[in-house]
Amino acid sequence: MPSRREFLLRSAATGAFACAMFRDDAIARVQAADRGAGGASPDELAGNEGYWGQIQRAFAVDRSIINLNNGGVNPSPRMVQDAMRRHVEYANQIPSRNLWQVQDPKVETVRARIARQFRCDPEEIAITRNASESMEIALYGLDLQRGDEVLTTSQDYPRMINTLKQRELREGIVLETFSFPNPPPTLDALVREFKRNITERTRAVLMSHMTTYTGQIFPVREICAVAREKGITAIVDGAHAFGHIVFDGGAIGCDFYGTSLHKWLHAPIGTGFLYVRRDRIAGHWPLMAAAEPKKDDIRKFEEIGTHPAANRLAVAEALVFYEGIGPRRKEARLRYLRDRFARRLAVHDRVKLYTSLDPDQSCGMATLGIEGIDSGVLRKHLWGKHRIFVTAIKFEEIDGIRVSPNVYTTPIEIDVFCEAMEGVIKNGLPPADGGE
Ligand SMILES: Cc1ncc(COP(=O)(O)O)c(C=O)c1O
């Protein structure tokens, strides 16, 4: 029989081994999945549950609930959370040394990795805490005069609209917005609306790469080309696009592109980036004062005082996870999962789909409503009765729930959601949940 000391040593060793296995588990699963993928194309692989089952198990999510609100903020796979924990522990050994002298310099490699994925120069990437911070740097840092106009859509993110409204109140700039139907008739119609609403006074256009309410993809390249031709600043809110759909960021032709990394990339909560085109850096004001605000150095946008490096450093693991799956495979899987519920539910007469299922117009999210059922009440019912989590969207003519699975979502979870929705379509809501 082992002595108590031997037992403790042995358990510690087993624990350490288990811990190492646990830590490497996510990437090992990506590798195992990859070996099983053969030469399948992203679309062929999209429904291969052997492959995606490995990816699902890289996450330690609570399977007693079904989270279909990944458009809000995403869980990180275990390898990302483990990296973050290691960095936090290391920083806390001696923060003023380990944080500033060891960890902060390593953020430069993360900058380079992000730039590689976005396809731009690392000197054009500022690492931020989220899309909101990125977009506010872009919107507040522009020199604008009283009467200058900024054009956007009514469906751009409320925080960005509020940023511009605050500039209206303080400085007398003018915010112009236009609305569009859900879904819009064509992508060209969106380009035409931007063109039609640009005036002599328009100094900047703001557009979402994918909208928050319905996941509508905007033809950002075409709109940026229109802006460029007229000498207008083009700002893209890519909160939902990076890590979700495949695109070449450097080729969009925008001046600013902001995103969160805790949404579709699965990076730690509190991470994002802002791309600023090289020739726009010097002229742009930082949001928090820098020693040389008009310096041609992207890092002036990161002067926010003491902040953790752990979450920034662990963005590297999130990129490794994403690259391991492959952006095209991830996009195809997200569309496959979205189509699984959207196409099934859309056949019901009472279902109104606010998102186009055209692959050029959308990917992993869809917003849909049931005629005669309030979306807020439906959201509560899905959570209360079925433990399915979605978000309700009520805006202009939209009264629906936005449904956004992710790579850890299983097809059975999607089917359970569909059955719950079909129950409501057929029988209405139970009286306790606001039904008749
Ligand atoms: C289009 C869009 N932009 C910006 C944001 C803000 O993201 P964050 O809260 O991560 O800053 C969101 C959040 O859902 C969004 O949908």
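A brief report on the enclosed structure follows. Keep in mind it's a predicted model, so treat the numbers as computed, not measured.

Criteria and thresholds
For every chain, the first residue of the written sequence is number 1, and numbering continues from 1 along that sequence. This being a predicted model, a pLDDT of at least 70 is required before a residue's local features are given, and a value of 80 or more before pairs of side-chain atoms are given or counted; all residues contribute to the totals for chains, interfaces and linings. The basis for every side-chain value is the complete set of heavy atoms in the structure, and neither hydrogens nor water enter the calculation. Helix and strand labels come from DSSP, where a helix needs a run of H or I of at least four residues and a strand needs a run of E of at least two; each type is numbered from the N terminus. Our radius of gyration is a C-alpha quantity, and the globule rule it is checked against amounts to 2.2 Å times the number of residues to the power 0.38. Only protein chains enter the accessibility calculation, which uses a 1.4 Å probe. A residue is then buried if its area is under 20% of the maximum for its type, exposed if over 50%, and partly exposed in between. Two strands form a pair only when DSSP identifies at least two bridges running between them. Axis angles are defined between N-to-C directions and span 0 to 180 degrees, where every axis is a line fitted to C-alpha atoms and, for a helix, only to the segment in contact. By definition, residues are in contact when any of their heavy atoms lie within 4.5 Å. A cutoff of 4 Å decides nearness: a residue is near a molecule or strand if any of its heavy atoms lies inside that distance of it. Here a polar contact is taken to be a pair of N or O atoms separated by no more than 3.5 Å, where protein atoms must pair a possible hydrogen donor with a possible acceptor and residues adjacent in sequence count only if both atoms sit in side chains. Calculation of accessible area relied on Shrake-Rupley with a 1.4 Å probe; when residues are assessed, cover is drawn exclusively from the protein chains displayed. For this scheme, ten residues count as nonpolar: Ala, Val, Leu, Ile, Met, Phe, Trp, Tyr, Cys and Pro. Four count as charged, namely Asp, Glu, Lys and Arg, and the remainder, Gly too, count as polar. Between Lys or Arg on one side and Asp or Glu on the other, a salt bridge is scored when a side-chain nitrogen of the former is within 4 Å of a carboxyl oxygen of the latter.

**Description of the overall build of the chain**
Helices and strands together make up the secondary structure of the chain, namely 14 helices and 13 strands. Against the 2.2 N^0.38 benchmark of 22 Å for 436 residues, the chain shows a C-alpha radius of gyration of 23 Å, consistent with a compact globule. Dimensions of the chain along its principal axes, counting C-alpha atoms only, are 85 × 60 × 45 Å. A burial count over the chain gives 53% of its 436 residues as buried.

**As for the sheet that holds strand β13 (residues 398–403)**
The strand order across the open sheet formed by four strands is β9-β10-β13-β12, and the pairing between neighbours is antiparallel. One side of each edge strand has no neighbouring strand; the edge strands of this open sheet are β9 (351–353) and β12 (391–395). Averaged over all pairs of adjacent strands, the angle between their axes in this sheet comes to 35°, without regard to strand direction. Across three bridges, the pairing between β9 and strand β10 (residues 366–370) is antiparallel. Note on β10: the bridge partner recorded for V351 is I370. Running at roughly 25° to β10, helix α12 (residues 327–346) makes contact with β9, β10 and β13 of the sheet. Along the sheet face, helix α14 (residues 411–427) touches β9, β10 and β13 and points at about 25° away from the line of β10.

**Some words on the site of the ligand**
Close to the ligand lie N130, A131, S132, Y157, M160, T212, D237, A239, H240, S260, H262 and K263, which account for all nearby residues. Contacts to the ligand include T212, whose side-chain N or O atom sits 2.8 Å from an oxygen atom. At a separation of 2.6 Å, an oxygen atom of the ligand approaches a polar side-chain atom of S260. Compared with its free state, where it exposes 390 Å², the ligand has 90% of that area covered by protein. Considered class by class, the residues forming the shell around the ligand number four nonpolar, six polar and two charged.

**Regarding the pattern of salt bridges**
Under the definition given, this model contains 29 salt bridges. A salt bridge links R111 to E302, with the shortest nitrogen-to-oxygen separation between them at 2.7 Å. With R111 in helix α5 (residues 95–118) and E302 in the loop between β8 (272–276) and α10 (310–313), this pair connects stretches of sequence that are 191 residues apart. Residue R111 is classed as buried on the basis of its relative accessible area of 1%. According to the relative accessible area criterion, E302 is buried, its value standing at 13%. Between R277 and D255 there is a salt bridge, with the nearest N and O atoms lying 2.8 Å from each other. On the criterion of sequence distance, the pair formed by R277 in the loop between β8 and α10 and D255 in the loop between β6 (233–237) and β7 (256–260) is long-range, its members being 22 residues apart.

**Describing the sheet that holds strand β3 (residues 149–153)**
Adjacent strands of a sheet form backbone hydrogen bonds with each other and so pair up, either parallel or antiparallel. In spatial order, the strands read β2-β8-β7-β6-β5-β3-β4; together these seven strands make up an open sheet with mixed pairing. At either end of the open sheet lies a strand with only one pairing partner, and these are β2 (125–128) and β4 (174–178). On average, each strand axis in the sheet is inclined to that of its neighbour by 20°, with strand direction left out of account. In the packing of helix α6 (residues 131–140) onto the sheet, the strands contacted are β2, β5 (202–208), β6, β7 and β8, and the crossing angle to β7 comes to about 160°. The sheet strands contacting helix α9 (residues 220–229) are β5 and β6, and the helix crosses β5 at an angle near 175°.

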